[in-house]
Amino acid sequence: MANIPIVDFSAYSHKIKHGDRTKTAKEIDEAFRNVGFVYLKNHGVSKERVQKCFEWSRKFFALPLDTKMRAPHPPGGSHHRGYSAPGLEKVSQHTYDANELNKLREVPDHKESFECGNTTDAAQPNIWLPEAALPGFRDFMESFFADCSALIHQLLDALSVALSLDNSLSPTHSRSHFQLRLLHYPSLPFPELAQGKRSRINAHSDFGTLTLLFQDSVGGLEVEDPQTGGFRSVEPVDDAVLVNVGDLLARWSNGWWKSTVHRVMSPPALKSETEEEGGVEAVVGGMVADRYSIPFFATADPETVIEALPGCWSNENPKKYESVTAWGYVQMRMAALYSSSQS
Ligand SMILES: O=C(O)CCC(=O)C(=O)O
Ligand SMILES: [Fe+2]
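Remember, predicted model here, so these are calculated numbers, not experimental data. (Residues numbered from 1 in each chain as written. Chains lettered and ligands numbered in written order. Predicted model: local features only at pLDDT ≥ 70, side-chain atom pairs only at ≥ 80, totals over all residues.)

(A) Highlighting the sheet that holds strand 11 (residues 241-245). Strands sit in the order 1-2-11-8-14-5-4-3 across an open sheet of eight strands; the sheet is mixed. Every other strand in the sheet has two partners, leaving strand 1 (6-8) and strand 3 (82-84) as the edge strands with one partner each. Here the average twist between neighbouring strands, direction ignored, is 25°. Across four bridges, strand 2 (residues 37-41) lies against strand 11 in antiparallel orientation. When the sheet's bridge partners are listed, phenylalanine 37 is paired in strand 11 with asparagine 244. In this fold helix 3 (residues 47-61) packs onto strand 4 (112-117), strand 5 (179-185), strand 8 (210-215) and strand 14 (291-298), with an angle of close to 115° to the strand it touches most, strand 14. (Pairing = 2+ DSSP bridges. Helix = DSSP H or I, 4+ residues; strand = E, 2+ residues; numbered from the N terminus. Axes fitted to C-alpha atoms, helices over the stretch in contact; angles between N-to-C directions. Contact = placed C-beta atoms within 7 Å.)

Below, the structure written as structure tokens:
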């Protein structure tokens, strides 16, 4: 099991006094340096709201395919909104060559997703189903988006305290051009996953600054141990949101915080059952349960120049990365996600 620290975030979500805030910021800082992931308790997005979001997600994915296709994800990676049917998106880790991408797609990610963003994001307008197809869905997602955005801004305040920055990082995300994603990994025969014929989500790091991840209780998320290169299971924690550092924040902090590679495989319970029963053959015909998760991706305002933050570099620890704009970097990564199968 991966050792992901659990931090009480009330000092930021409930605006408790300054001293507690510094302590919380230091705890998050340590988790981001060591693992790149942290679980936050008392994060301010209520349990009821999270449960409701999972309910809406289940309702959405239970609709017939031709109804879901009334909000289709456009071809290519630059407009990342709407519904993607299973097999459309294949996550890669820094693979930009078209032949390589097509090879990777031979093992499709067995998932479907729905993406939506900020209503003010003119560059990537949302793509909704007609209201009558799922009344109330759009309203709920817009308000859940606002809940998650508020948490991101509190986290940016905490990170600025951790680095003793003069100004909070929150204004660099002032437009909140974030992305809320509903993910459904359909049930599938265990051997297909175990033998690598299909994957749930391939190993990758996230592109932006911060990701929130709400998961159901099925499990299967794994994070890479940077020391050994092996993967460790992440156990879902009740009422806690998982937060991880994306590549842009790792660059911005000059590598101080880690953007850790992660993937989704079989739930750990299923794996240990097969070991006890003497290997994969013992479960031929067994099915892996459906899994639902809700990531929320934050990134900085598009024109923000990402270069080592004050305090993260010195003559002894020079800047490791070229400066990039937030927009330029994310577009390059997104293009690789959707490019070759659709061009
Ligand atoms: O479903 C999960 O638990 C992880 C999803 C994920 O890593 C992603 O969408 O970037
Ligand atoms: Fe991810």
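(B) The pairing of strand 2, seen in detail. A large share of strand 2 lies buried, amounting to four of its five residues. Taken together, the three bridges between strand 1 and strand 2 define a ladder with parallel strand orientation. The partner of isoleucine 6 across the bridge, within strand 2, is tyrosine 39. (Buried ≥ 20, exposed ≤ 12 C-beta atoms within 10 Å, placed from the backbone.)

(C) How the structure looks around the site of ligand 1. Neighbouring residues of ligand 1: Leu183, Ile201, Asp206, Leu213, Gln215, Leu221, His262, Val264, Ser293 and Pro295. Looking at the shell around ligand 1, the elements with two or more residues in it are strand 8, strand 12 (262-264) and strand 14. (Near = placed C-beta within 6 Å.)

(D) The nonpolar core, seen in detail. Of all hydrophobic cores here, the largest spans 76 residues; its most connected members are Ile28, Val38, Cys148 and Val241. At 13 residues, the largest contribution of residues to this core is made by helix 6 (residues 137-162). In this structure, valine 241 is in contact with Leu40, His43, Val45, Leu212, Leu213 and Phe214, ignoring residues within four places of it in sequence. (Core = buried A, V, L, I, M, F, W, Y, C linked by C-beta atoms within 7 Å.)

(E) Region of interest: the environment of leucine 159. With respect to the helices, strands and loops of the structure, leucine 159 is situated in helix 6. Sequence-distant contacts of leucine 159, that is, excluding residues within four places in its chain, are made with Ile28 and Leu169.

(F) Representation of the packing of helix 3 against helix 6. Two elements in contact, helix 3 and helix 6, have axes separated by 11 Å at closest approach and are oriented at 140°. Between helix 3 and helix 6, the angle falls in the class oblique. In terms of crossing hand, the pair formed by helix 3 and helix 6 is left-handed. Note on element contacts: helix 6 touches helix 3 through Phe137, Phe140, Phe144 and Asp147, opposite Arg49, Lys52, Cys53, Trp56 and Phe60. Considering only residue class, the contact of helix 3 with helix 6 consists of six nonpolar, no polar and three charged. (Parallel < 35°, antiparallel > 145°, perpendicular 65-115°, else oblique. Left-handed = near helix turned anticlockwise from the far one by under 90°. Nonpolar A, V, L, I, M, F, W, Y, C, P; charged D, E, K, R; others polar.)

(G) Region of interest: unusual backbone geometry. Although it is not a glycine, asparagine 42 sits at a positive phi angle of roughly 50°. Mapping asparagine 42 onto the fold places it in the loop between strand 2 and helix 3. The phi dihedral of asparagine 254 is positive, around 60°, even though this residue is not glycine. Here asparagine 254 lies in the loop between helix 8 (247-252) and strand 12.

(H) Spatial organisation of the pairing of strand 4. A large share of strand 4 lies buried, amounting to six of its six residues. Of the two faces of strand 4, both are covered, the one formed by Glu112, Phe114 and Cys116 as well as the one formed by Ser113, Glu115 and Gly117. Looking at chain direction, strand 3 and strand 4 are connected through three bridges and run antiparallel. Pairing of tyrosine 83 across the sheet is with phenylalanine 114, part of strand 4. Strand direction decides the pairing type here: strand 4 and strand 5, joined by six bridges, are antiparallel. Looking at strand 5, one finds that glutamate 115 is bridged to arginine 181.

(I) Region of the structure containing helix 2 (residues 18-34). A rise of 1.5 Å per residue sets the reference length of helix 2, with its 17 residues, at 24 Å; its end C-alpha atoms lie 25 Å apart and thus fit the reference within 8%. Within the span of helix 2, buried status applies to Thr24, Ala25, Glu27, Ile28, Ala31 and Phe32. The buried residues of helix 2 occupy one face: seen down the axis, they fall within an arc of 160°. Turned more than 90 degrees away from the buried face of helix 2, the exposed residues are His18, Gly19 and Lys23. Looking at the buried side of helix 2, the elements it contacts are strand 1, helix 1 (10-13), strand 2, helix 6 and strand 11. Glycine 36 occupies a position one or two residues after helix 2 and carries a positive phi of about 80°. (Expected span 1.5 Å × (residues − 1). Arc of directions from axis to C-beta.)

(J) Expanded view of the confidence of the model for the chain. With 87% of its residues at a pLDDT of 70 or more, the chain shows a mean pLDDT of 88. Confidence over residues 280-284 falls short of pLDDT 50; this stretch has eight contacts with residues more than four positions distant or in other chains. Scored by ipTM, the complex comes to 0.99, with pTM at 0.90. (pLDDT = per-residue confidence, 0-100.)

(K) Just helix 6, in detail. The end-to-end C-alpha separation of helix 6 is 37 Å, in line with the 38 Å expected for 26 residues at 1.5 Å each. Two residues or fewer after helix 6 comes serine 164, characterised by a positive phi angle close to 50°.

(L) Representation of the environment of asparagine 3 within the structure. Within the element layout of this structure, asparagine 3 appears in the segment before strand 1. Put simply, asparagine 3 and valine 223 are 220 residues apart on the chain and 9.9 Å apart in space, counted from C-alpha to C-alpha.

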